[in-house]
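Listed below are the residues making up each chain.
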Amino acid sequence: MRVRAHAPGRVNLIGDHTDYMGGLVLPMAVDRGTTVVLERTGSRVVLESGDEPETAIVPLDVADPSAVEPAWARFVAGVVSVLRPDVGGVGTVHTDLPIGAGLSSSSALTVAVALALGFEGGPVALAQACQRAEIAATGVPGGIMDQLVSAAGVEGAALLIDCATLAFEPVPVPAGIEVVVVHSGQPRRLVGSAYAERRAQCEEAERRLGRPLRELHRDDVEGLDDPVLRRRARHVVTEDDRVRDCAAALRAGDVAAAGRLMLESHASLRDDFDVSTDALEEAVARLAATPGVYGARLTGAGFGGCVVALAEPGAVTEGWHLHAVAGATIEAL
Ligand code: GLA
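Here is what the cut-offs are and how they apply
Residues numbered from 1 in each chain as written. Predicted model: local features only at pLDDT ≥ 70, side-chain atom pairs only at ≥ 80, totals over all residues. Heavy atoms only, no water. Near = heavy atom within 4 Å. Polar contact = N/O pair within 3.5 Å; in protein donor to acceptor, adjacent residues only side chain to side chain. Areas by Shrake-Rupley, 256 points an atom, 1.4 Å probe, with all protein chains shown as cover. Nonpolar A, V, L, I, M, F, W, Y, C, P; charged D, E, K, R; others polar. Helix = DSSP H or I, 4+ residues; strand = E, 2+ residues; numbered from the N terminus. Contact = heavy atoms within 4.5 Å. Buried < 20%, exposed > 50% of the residue type's maximum accessible area, 1.4 Å probe, protein only. Pairing = 2+ DSSP bridges. Axes fitted to C-alpha atoms, helices over the stretch in contact; angles between N-to-C directions. Expected span 1.5 Å × (residues − 1). Parallel < 35°, antiparallel > 145°, perpendicular 65-115°, else oblique. Left-handed = near helix turned anticlockwise from the far one by under 90°. Phe/Tyr/Trp six-rings, centres within 6.5 Å; stacked < 30°, edge-to-face > 60°. Lys NZ or Arg CZ within 6 Å of the ring centre and 35° of its normal.

### A closer look at the site of the ligand
Surveying the vicinity of the ligand reveals the residues Arg 10, Asp 16, His 17, Asp 19, Tyr 20, Gly 143, Met 145, Asp 146, Tyr 195, Gly 300 and Ala 301. Interatomic distance of 2.5 Å between a side-chain N/O atom of Asp 16 and an oxygen atom of the ligand. A distance of 2.8 Å is found between an oxygen atom of the ligand and a side-chain nitrogen or oxygen belonging to Asp 146. Contact with the protein chains covers 91% of the free accessible surface of the ligand, which is 310 Å². Tallied by class, residues from the shell around the ligand come to four nonpolar, three polar and four charged.

### With respect to the side chain of Thr 34
Here Thr 34 is to be found in strand β3 (residues 27-40). Only 2.8 Å separates the side chain of Thr 34 from the side chain of Thr 95, close enough to count as a polar contact. What Thr 34 contacts, discounting residues up to four positions off in sequence, is Ala 5, His 6, Ala 7, Val 93, His 94, Thr 95, Leu 97, Ser 105, Ala 108, Leu 109 and Ala 112.

### Observations regarding unusual backbone geometry
The linkage connecting Glu 69 with the following residue, Pro 70, adopts the cis geometry, with an omega of -5°. Its place among the elements puts Pro 70 in the loop between β5 (56-59) and α1 (73-83). Here the phi dihedral of Arg 84 falls at roughly 45°; this positive angle occurs in a residue that is not glycine. Arg 84 gets classed as partly exposed once you look at its relative accessible area, which sits at 38%. Its identity as a non-glycine residue notwithstanding, Ser 104 has a phi of 65°, on the positive side.

### Some thoughts on the sheet that holds strand β7 (residues 157-162)
Pairing is antiparallel in the open sheet, where three strands are placed in the order β2-β7-β8. Of all strands in the sheet, those bounded by a partner on one side alone are β2 (24-25) and β8 (167-172). In terms of strand pairing, β2 meets β7 through two bridges, oriented antiparallel. Opposite Leu 24, over in β7, you have Asp 162 as the bridge partner. Sheet strands in contact with helix α7 (residues 227-251) are β2, β7 and β8, and its direction is about 45° off that of β8.

### A look at helix α8 (residues 255-271)
The end-to-end C-alpha distance of α8 is 24 Å, a good match for the 24 Å that 17 residues give at a rise of 1.5 Å each. Of the surrounding secondary structure, the elements contacted by the buried residues of α8 are α7, α9 (278-288), β10 (293-298) and β11 (306-311).

### Considerations on the sheet that holds strand β13 (residues 329-332)
A sheet is described by the order of its strands in space; here six strands give the open sequence β5-β4-β6-β3-β1-β13, paired in mixed fashion. Two strands lie at the open edges of the sheet, namely β5 and β13, each paired on one side alone. In this sheet, neighbouring strand axes are inclined to one another by 20° on average, regardless of whether the strands run parallel or antiparallel. Bridging between strand β4 (residues 44-49) and strand β6 (residues 89-95) involves five bridges; their strand directions are parallel. Along β6, the bridge assignment pairs Glu 48 with Thr 92. Packed on one face of the sheet, α1 meets β4 and β5 and runs near 25° to β5. Where helix α2 (residues 105-116) meets the sheet, its contacts fall on β1 (2-12), β3, β4, β6 and β13, and the angle it forms with β3 comes to roughly 40°.

### A closer look at the packing of α8 against α9
At a minimum axis distance of 12 Å, the contact between α8 and α9 shows a crossing angle of 160°. By the criterion of interaxial angle, the relationship of α8 to α9 is roughly antiparallel. Considering how the two elements wind past one another, α8 and α9 form a crossing that is left-handed. Seen from α8, the contacting residues are Leu 263, His 266 and Arg 270; seen from α9, they are Glu 281, Val 284 and Ala 288. Classifying every residue of the contact of α8 with α9 by side-chain character gives three nonpolar, one polar and two charged.

### As for the packing of aromatic side chains
Counted according to the given criterion, the structure contains one aromatic pair. For the pair Tyr 20 and Tyr 195, a centre-to-centre distance of 5.3 Å together with 70° between the ring planes defines the contact as edge-to-face. With Tyr 20 in the loop between β1 and β2 and Tyr 195 in helix α5 (residues 191-209), this residue pair connects regions lying 175 residues apart in the sequence. The residues Tyr 20 and Tyr 195 share a single accessibility class, namely buried. The ring of Phe 273 has Arg 232 sitting right over it, with the charged end atom 5.8 Å from the ring centre.

Printed below as a string of structure tokens:
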């Protein structure tokens, strides 16, 4: 049996470093993604990629995905280790996503591979399986935003996801605005260890406060003695409010308000969460000063990578102009 699976990448409009604390996020699946064509056969998964010199060869009984070489094959191995399919496959991977730039090339790969290997179930179960696969591949305790929007995206809309319940609803991107993603020029660095440290700090703040951060408000976290934990928690609780407000602003067609909230989100990620860099600051400042730009912010984990802006059509000439698309698909060939 020969199949073709496609999974989109994503850009997050607002709501970063909230998903793993059960908070709110507002990403959209984009018109760039990853396609896997697979002949289902054999007891290994053998995939060639147009972007990688080495073939991924993963036995169906792979034990430790994080030890597999070449490195990109770890994502394939992660999916195999979670799904444990009875039959492997031979095929190809093609992507038009920039790799490691912050548009979730890894989630597009795991979601497409999972579908190609015969995953059956709804988008939430698919996203949960792929989240486990990525954690097994990288050791980084990532949240579920990237996989869920790749699986469940809606054409023309961002998804407002409640990461505590995994309920999601589309928020249409207003007509007449562009979503532009610009690379800061700085590859993402130290993402794994620094990301895990941020998550651990949020969990410690939550433990000391004795209640889930998502149930708390800004005043509640000001009582934390530790200044670092206080800032981390303040980012999370205020970011949840900004996501809610931004979704409402987009629904009301108030793009100016949405843009202001994006700038506030960026400042919080910089000042309270410490995940911005000089290159990201430079890119956000340049975009924010461009006539016709409503707002801009770092998107994804930070520490380098990309910036997202909302703009009038034609206002920004650099970067990728992205459109919201439907989630992942699978078809028999
Ligand atoms: C990475 C993770 C996501 C999310 C973002 C930050 O993209 O994969 O789960 O935590 O960082 O919002």
